[in-house]
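Next come the chains, spelled out residue by residue.
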Amino acid sequence: MNETISGALFKRMVLHGAAAVTLQKQAINDLNVFPVPDGDTGTNMSMTIGTAVTELRKVDPVSVDQAASVTASALLRGARGNSGVILSLLFRGISKGLKGQETADAKAFAAAMQEGVSSAYKAVMKPAEGTVLTVSRLASKRAVEVAAESSDLEAVLEAAIAEGHVALKQTTDMNPVLKKAGVVDAGGMGHLLILEGMLAEMRGESMPEIKADAAPEKEKADFAMMAADEITFAFDTVYIVHKNDPDVDLDPLRAYLNSIGDSLVIGEDDETFKVHVHTNIPGSALTESQKYGTLELAKIENMRTQADALAAGKKVQSTDDLDEVEAQLEAAPAEDGAHTVTAPEKKFGFLAVCAGDGLAAIFRDLGADAVVSGGQTMNPSTESILAGVDKIPAEVVFVLPNNSNIIMAAQQCDALTEKQVIVIPTKTVPQGITALMNVDFEAEDAQSITDAMNESLTTVTTAQITYAARDSEFDSFSIKQGDYLALEEGKLFGTDQDLTALLNKLAAEAVEKEASFISLYFGEDVSEEDAQAAGELFAQACPEAEIAVLPGGQPVYYYIISME
């Protein structure tokens, strides 16, 4: 029986709790549909508490006050997503409750847990029941009740966890979004896993080993039911600001952020504050917040595209991918003048964005002055596109983004350079190729070129073949992991375990559309022999059409198919 928690024990409890939630992070991700179905709650909670593990390993806390303070400070700076920020607030409150104490008995620790809940509720602008807030509130309430009658910390934490599980089961009926998906709250489950890990450490149990994909199968949310268009505010925005004044009043900022978004949570200590908000104008949120201090870090993710990816069984792109992208960019050979503005030598220039050496060569052959590497799962930044624009020796630069997720970044370039930048809203590589083929390079005015390229976009249909990374249900299709997926104009066209069968279906679609020109750009994972066989398949289906089979070298997609 444990009657006190020392600094050393609190440290070990947090480490054990972190291991417990990390072990089950994918199971938590599979439940994540509220406040938006972006499938990252387990990852966010695991990485958030992981920051505390890193900092705690650097110290040997002499008191529970010090251990809790180090934990809370690390969590605030490392908090990711709504669930991570709330988790940091729960531990921030615990730290406040244990301030000045060398050890904590049952009553002190239970009271600190309740202080954590109070901190979380105060920071959330519109607390929603049926979430981690409900679970933590009822769990801490039970802890206080048991601590009033028992000095056994194990009994207190055990009772709190048991009450939390009762509350967790009820979240399905308390929250309409959870009820629709048929799951319990992901954040609430994550919180209980951390508490269970802390209790296990208190009991002297061995810390679990963390292995990839070690989580057992649990219930999963039906992400296909959670349409991306149901997400009111698209951008999950999290950032840290270093305060100008330790006593600054953040209430006006709370009111402003609540007016432009939802799911608002603000956590703070004496030096910094951290914001989590869902909004359609993240730039405005950052600008307003800089009135209160200096922006240190920011993370912005598009939850609509994440929800679409989950529904289609594809890998969800997140800011976690940026480390890999940055490493790729840093490893690339430096280009002379990459960040300088090249003096104009001609009136018009053309910049294309694509992934794959073959596609890049095609764009250059058609007249593109430069190509920026990027595409699905690897969207280039505005700065990368701007560098490409600035090195083209032209007064006016036309940009072909060739991906809907890149258009907005490209559009920012016009205000950042002395050159005129015109973005043609190409959403696919075939659209970009068609647009460039319709350029009159002898034209005297930019408007005629713009009109010709824009008009050409409606003449081409794009199909793409990729694969499913996980099982899912989407658009009445039952998708199994490893299936081939065909997309047409960004919408799911069909699935099959046989790539040839899927190509046959697309060939029939080309016949239906009476396509006269069909181009197959094959990806890095397709042999030339297989690609030629695919081309022959289309030739047999469309004997009157002109068929071209070209090496694209693109990742992600086995084939990108253009039908005109």
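Residues numbered from 1 in each chain as written. Predicted model: local features only at pLDDT ≥ 70, side-chain atom pairs only at ≥ 80, totals over all residues. Heavy atoms only, no water.

Describing the overall build of the protein
What counts, and what does not: Note on conventions: DSSP H or I runs of at least 4 residues are helices, E runs of at least 2 residues are strands, and numbering of each starts at the N terminus. Note on classification: 1.4 Å probe, protein chains only; a residue is buried when its accessible area is under 20% of the maximum for its type, exposed when over 50%, partly exposed between these limits. Residue contacts are defined here by distance: any two heavy atoms, one from each residue, within 4.5 Å place the two residues in contact. Residue exposure ignores everything except the shown protein chains as possible cover, and the areas themselves are Shrake-Rupley values with a 1.4 Å probe.
When helices and strands are tallied, the protein shows 21 helices and 16 strands. For the protein, the proportion of its 564 residues judged to be buried stands at 54%. Long-range contacts, defined here as pairs at least 24 residues apart, represent 72% of the contacts in the protein between residues at least 6 apart. With an accessible surface of roughly 24,700 Å², the protein has 48% of that area assigned to carbon and sulfur atoms.

A closer look at helix 3 (residues 41-56)
Stated precisely, the cut-off is as follows: What a helix is expected to span follows from its residue count: subtract one and scale by 1.5 Å.
The end-to-end C-alpha separation of helix 3 is 23 Å, in line with the 22 Å expected for 16 residues at 1.5 Å each. Those residues of helix 3 lying buried are Thr-41, Gly-42, Thr-43, Asn-44, Met-45, Ser-46, Thr-48, Ile-49, Ala-52, Val-53 and Leu-56.

Things to note about the sheet that holds strand 3 (residues 272-279)
Which entries qualify depends on this criterion: A pair of strands is labelled paired if DSSP reports no fewer than 2 bridges between them. For helices, the fitted axis covers only the stretch in contact; all axes are lines through C-alpha atoms, and the angles between them, taken along N-to-C directions, range from 0 to 180 degrees.
The sheet built from 4 strands is open, its strands ordered 2-3-1-4 with antiparallel pairing. Pairing within the sheet leaves two strands with one partner each, and these edge strands are strand 2 (261-268) and strand 4 (293-302). In this sheet, neighbouring strand axes are inclined to one another by 15° on average, regardless of whether the strands run parallel or antiparallel. Each of strand 1 (235-243), strand 3 and strand 4 is contacted by helix 12 (residues 282-289), which is oriented at about 10° to strand 1, the strand it contacts most.

Side note on the side chain of Thr-461
Note that Thr-461 resides in strand 9 (residues 461-467). Since its relative accessible area comes to 14%, Thr-461 is described here as buried. Filtering out sequence-adjacent residues up to four positions away, Thr-461 remains in contact with Glu-488, Glu-489, Lys-513, Ile-561, Ser-562 and Met-563.

Quick look at the sheet that holds strand 15 (residues 546-551)
Taken together, the 6 strands give an open sheet; going across it, the order is 13-12-9-16-14-15, and neighbouring strands pair in mixed fashion. The open sheet has two free edges, formed respectively by strand 13 (491-496) and strand 15, since each of these has just one partner strand. Within the sheet, the average angular offset between the axes of one strand and its neighbour, ignoring direction, is 20°. Here strand 9 runs beside strand 12 (residues 484-488); their pairing, made up of 5 bridges, is antiparallel.

Remarks on the packing of aromatic side chains
For clarity, the threshold we go by: Classification of ring pairs uses Phe, Tyr and Trp, with its six-membered ring standing for Trp, and accepts pairs whose centres are within 6.5 Å; under 30 degrees between planes counts as stacked, over 60 as edge-to-face, and the remaining range as tilted.
The full count for this structure, using the stated rule, is 5 aromatic pairs. Following the ring pairs from residue to residue traces out a cluster consisting of Phe-348, Phe-350, Phe-398 and Phe-441.

A word on the nonpolar core
Put simply, the rule is: By nonpolar core we mean a set of buried residues, namely Ala, Val, Leu, Ile, Met, Phe, Trp, Tyr and Cys, connected to one another through side-chain atoms within 4.5 Å.
Ile-5, Phe-10, Phe-91 and Leu-157 are the most contacted members of the largest nonpolar core, which has 57 residues in total. Those elements that place two or more of their residues in this core are helix 1 (7-23), helix 3, helix 4 (64-78), helix 5 (81-97), helix 6 (106-123), helix 7 (132-147), helix 8 (153-174) and helix 10 (186-202). For this core, the element with the most residues is helix 10, which contributes 9 residues. Ignoring sequence-local partners within four residues, the contact set of Phe-10 consists of Ile-5, Val-64, Ala-67, Ala-68, Thr-71, Phe-91, Ile-94, Leu-98 and Phe-109. Phe-348, Val-396, Ala-435 and Ala-446 belong to the second-largest nonpolar core, a separate cluster that totals 33 residues.

A word on the confidence of the model for the protein
Worth spelling out the cut-off: What pLDDT conveys is the predictor's confidence in a given residue, as a value from 0 to 100.
For the protein, per-residue confidence averages 84 on the pLDDT scale, and residues scoring 70 or more make up 85% of the total. Element-level pLDDT for the protein is lowest in helix 14 (residues 322-331), with a mean of 54, against a maximum mean of 95 in strand 7 (residues 394-400). Note that pLDDT drops below 50 for residues 212-229; the model gives that stretch 45 contacts with residues more than four away or on any other chain. Taken together, the stretch residues 333-338 has pLDDT below 50 and engages in 3 contacts with residues farther than four places along the chain or on a different chain.

Looking at helix 16 (residues 382-390)
In terms of burial, helix 16 is a largely internal element, 7 of the 9 residues being buried. Those residues of helix 16 that fall on the buried side of the exposure criterion are Thr-382, Ile-385, Leu-386, Ala-387, Gly-388, Val-389 and Asp-390. Where helix 16 is buried, its residues touch strand 5 (346-354), strand 6 (370-373), strand 7, helix 17 (404-411) and strand 8 (420-423).

With respect to the pattern of salt bridges
Counted only if it meets this: We define a salt bridge as a side-chain nitrogen of Lys or Arg found within 4 Å of a carboxyl oxygen belonging to Asp or Glu.
Applying the stated rule across the entire model yields 14 salt bridges. A salt bridge links Glu-201 to Arg-12; the shortest N-O distance between them is 3.1 Å. One end of the pair, Glu-201, is in helix 10; the other, Arg-12, is in helix 1, with 189 residues separating them in the sequence. Classification of Arg-12 as partly exposed rests on a relative accessible area of 39%. A salt bridge links Glu-158 to Arg-203, with the shortest nitrogen-to-oxygen separation between them at 3.3 Å. Residue Glu-158 is found in helix 8, and its partner Arg-203 is found in the loop between helix 10 and strand 1; the two are separated by 45 residues along the sequence. Classification of Arg-203 as partly exposed rests on a relative accessible area of 38%. A cluster of three or more residues bridged by salt bridges with shared partners is formed by Lys-141, Arg-142 and Glu-145.

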